[in-house]
Amino acid sequence: MEKSGVTLNDVKAAAKRIAPYVRRTPLLRENLMDKKLKCEVYLKPEMLQVTGAFKLRGAMSKILSLTKEEQARGIITSSSGNHAQACAYAGQLLEIKAVVVVPENTPPLKIENARAMGAEVILWDRKYAERWKKVRAEVAEHNYTIVHPYEDFTVMAGQGTIGLEILEDLPDVETVLVPIGGGGLISGISTAIKATNPNIRVIGVQVAASAAYAASRKAGKPIAVEPTPTIADGLTCTRPGENPYPIIEKLVDDIVAVSEEDLREAVKIVGSDAKLVAEPSACVGIAALLGGNVSVRPNEKVCTVLTSGNWDIDMIARIYKKEHVDGIL
């Protein structure tokens, strides 16, 4: 029987399950950024994760929970890149066949990494619905097990281990900023944090070019949005996820959307001040503080989750040099 939700106990169980396979990333106090962002800044740098992104936590949580028979049949997913790499790595590590369906215009580094880790990569339409049609067709033919990047509660539990680590390292944290794409990450983190201390603010951050959760929060119901090009290709979201949406509505205090201009500046600040190479999708929390989208106090302990660093380094360098970088639709 499939799970119908995620609990603090699920997150703790996931933490034990994945501990031998993932990296416990540090919590970094970044005093140099305080003045610019108007608070006490802490960073959770998931670009230091084994595969360069937080996605490994959720993927390992799910794949390790499968039966031997399910593992033997292989796994499949669709992703804009980071979840694909996580499933590829997990498949290689556990000697399980991994198939990943990725958009044709995914940054080449993400595609190359997935292939290098032994995954079968299928390049397909950028449109979410078309890619998942392909996934279901492959499942019908080969009987693979789907590892969904954000609709799966066991995946959410794995992502929630980030919340546990933040609480262990900074028990008196006051606000946690979490990027939102499909919604699985913030569903897991908010579950862990709110069950431990409901007074801690959890704020979701989207990019304005693709902000279905922010629009749905204002509308009071799930609604679809028409996306526009964005450099935050990992946060594409035209409609809230079916399973994450009710969790986010219950547990997440606020959802904000940031501009491309503030996002570019945030990428530069993370590089110059924290000396971390972060892809734009990871920097929306910094952009929210920079643009004043989130109200904070100078002495407020604010943790921003930097989700990933898997972007073409030449493109990041162009942002550092204030050169034009095209967004992806």
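Just above sits the structure.
Here the structure is a predicted model, which means the values were calculated and not measured.

Q: What exactly am I supposed to notice about the sheet that holds strand E2 (residues 40-45) here?
A: Backbone-to-backbone hydrogen bonds join strands into a sheet, with any given pair of strands oriented parallel or antiparallel. Across the sheet, which stays open at both edges, the 6 strands sit in the order E1-E2-E10-E7-E8-E9 with mixed pairing between neighbours. Either end of the sheet is taken by a strand with one partner, and the two such strands are strand E1 (28-29) and strand E9 (254-258). Taken together, the 2 bridges between E1 and E2 define a ladder with antiparallel strand orientation. By the bridge assignment for E2, Arg 29 is matched with Tyr 42. Along the sheet, helix H10 (residues 184-196) makes contact with strand E7 (175-179), strand E8 (201-207) and strand E10 (301-306), crossing E8 at roughly 170°.

Q: What is the right way to read the packing of aromatic side chains from this model?
A: Aromatic rings in a pair are described by how distant their centres are and how their planes are angled relative to each other. Enumeration according to the criterion identifies 0 aromatic pairs in this entry. Above the ring of Tyr 42, the side-chain terminus of Arg 29 is found at 5.2 Å from the ring centroid.

Q: How should the pattern of salt bridges be read in this particular structure?
A: Once their charged atoms are close, side chains differing in charge can pair, the charge on each being opposite to the other. Evaluated as defined, the whole model comprises 22 salt bridges. Among the salt bridges present, the one from Glu 40 reaches Lys 301, with a minimum N-O distance of 3.7 Å. Of this pair, Glu 40 sits in strand E2 while Lys 301 sits in strand E10, placing them 261 residues apart in sequence. Like Glu 40, the residue Lys 301 is buried in the burial classification. One salt bridge in this structure joins Glu 323 and Lys 321, with 3.8 Å as the shortest N-O distance. With a relative accessible area of 56%, Lys 321 lands in the exposed category. Here the residues in one salt-bridge network are Lys 44, Glu 46, Arg 57 and Glu 165, joined through shared partners.

Q: Mind showing me how you'd approach the sheet that holds strand E3 (residues 75-78) here?
A: Read across the open sheet, the 4 strands follow the order E5-E4-E3-E6; overall the sheet is parallel. Each edge of the sheet is formed by a strand with only one pairing partner; in this case those strands are strand E5 (120-124) and strand E6 (145-146). One ladder, built from 2 bridges, connects E3 with E6; its direction is parallel. Counted as the bridge partner of Ile 75 is Thr 145 from E6. Packing against the sheet, helix H6 (residues 108-116) makes contact with strand E4 (98-103) and E5, and its axis sits at approximately 150° to E5.

Q: Sorry if this is basic, but what is going on with the state of the cysteines here?
A: Such a bond, covalent and formed between the sulfur atoms of two cysteines, is termed a disulfide. For the structure shown, the criterion picks out 0 disulfides. Looking at Cys 39, it has no disulfide partner, and the nearest cysteine sulfur is the one in Cys 303, 10 Å off. Of the cysteine sulfurs around Cys 87, a residue in no disulfide, the closest is that of Cys 237, at 19 Å.

Q: Quick question: what am I supposed to make of the nonpolar core here?
A: One recurring pattern in soluble globular proteins: nonpolar side chains tend to sit buried together. By size, the foremost hydrophobic cluster in this structure holds 39 residues, and its most contacted members are Met 33, Leu 43, Leu 263, Ile 286, Leu 289 and Val 294. Looking at this core, the elements that each hand over two or more residues are E2, E8, E9, helix H13 (260-273), helix H14 (284-290), E10 and helix H15 (313-320). Once residues lying within four places of it in the same chain are set aside, the contact partners of Val 294 are Leu 177, Arg 201, Ile 203, Val 256, Ala 288 and Leu 289. If you look at the next biggest cluster of nonpolar residues, it comprises 28 residues, including Ile 162, Val 178, Val 202 and Tyr 245.

Q: What is the right way to read helix H7 (residues 128-142) from this model?
A: A turn of α-helix holds 3.6 residues, and therefore any two residues three or four places apart point the same way. Counted at 1.5 Å a residue, the expected span for H7 with its 15 residues is 21 Å, and the 21 Å between its end C-alpha atoms agrees. Every buried residue of H7 is listed here: Arg 131, Trp 132, Lys 134, Val 135 and Glu 138. All buried residues of H7 lie within an arc of 150° about the axis, which places them on one face of the element. Set apart from the buried face of H7 by more than 90 degrees, the exposed residues are Ala 140 and Glu 141. Count one or two residues on from H7 and you reach Asn 143, which has phi positive near 65°.

Q: How should H6 be read in this particular structure?
A: Restricting attention to buried positions, one finds in H6 the residues Lys 110, Ile 111 and Ala 114. Buried residues of H6, seen end-on, are gathered within an arc of 100° and therefore sit on one face of the element. Taken together, the buried residues of H6 touch helix H5 (82-94), E4 and E5. Within two residues after H6, Gly 118 carries a phi angle of roughly 95°, on the positive side.

Rules used throughout
- Residues numbered from 1 in each chain as written.
- Predicted model: local features only at pLDDT ≥ 70, side-chain atom pairs only at ≥ 80, totals over all residues.
- Heavy atoms only, no water.
- Pairing = 2+ DSSP bridges.
- Helix = DSSP H or I, 4+ residues; strand = E, 2+ residues; numbered from the N terminus.
- Contact = heavy atoms within 4.5 Å.
- Axes fitted to C-alpha atoms, helices over the stretch in contact; angles between N-to-C directions.
- Phe/Tyr/Trp six-rings, centres within 6.5 Å; stacked < 30°, edge-to-face > 60°.
- Lys NZ or Arg CZ within 6 Å of the ring centre and 35° of its normal.
- Salt bridge = Lys/Arg side-chain N within 4 Å of Asp/Glu carboxyl O.
- Buried < 20%, exposed > 50% of the residue type's maximum accessible area, 1.4 Å probe, protein only.
- Disulfide = S-S within 2.5 Å.
- Core = buried A, V, L, I, M, F, W, Y, C linked by side-chain atoms within 4.5 Å.
- Expected span 1.5 Å × (residues − 1).
- Arc of directions from axis to C-beta.

Functional significance is not addressed by these values, which are geometric in nature.
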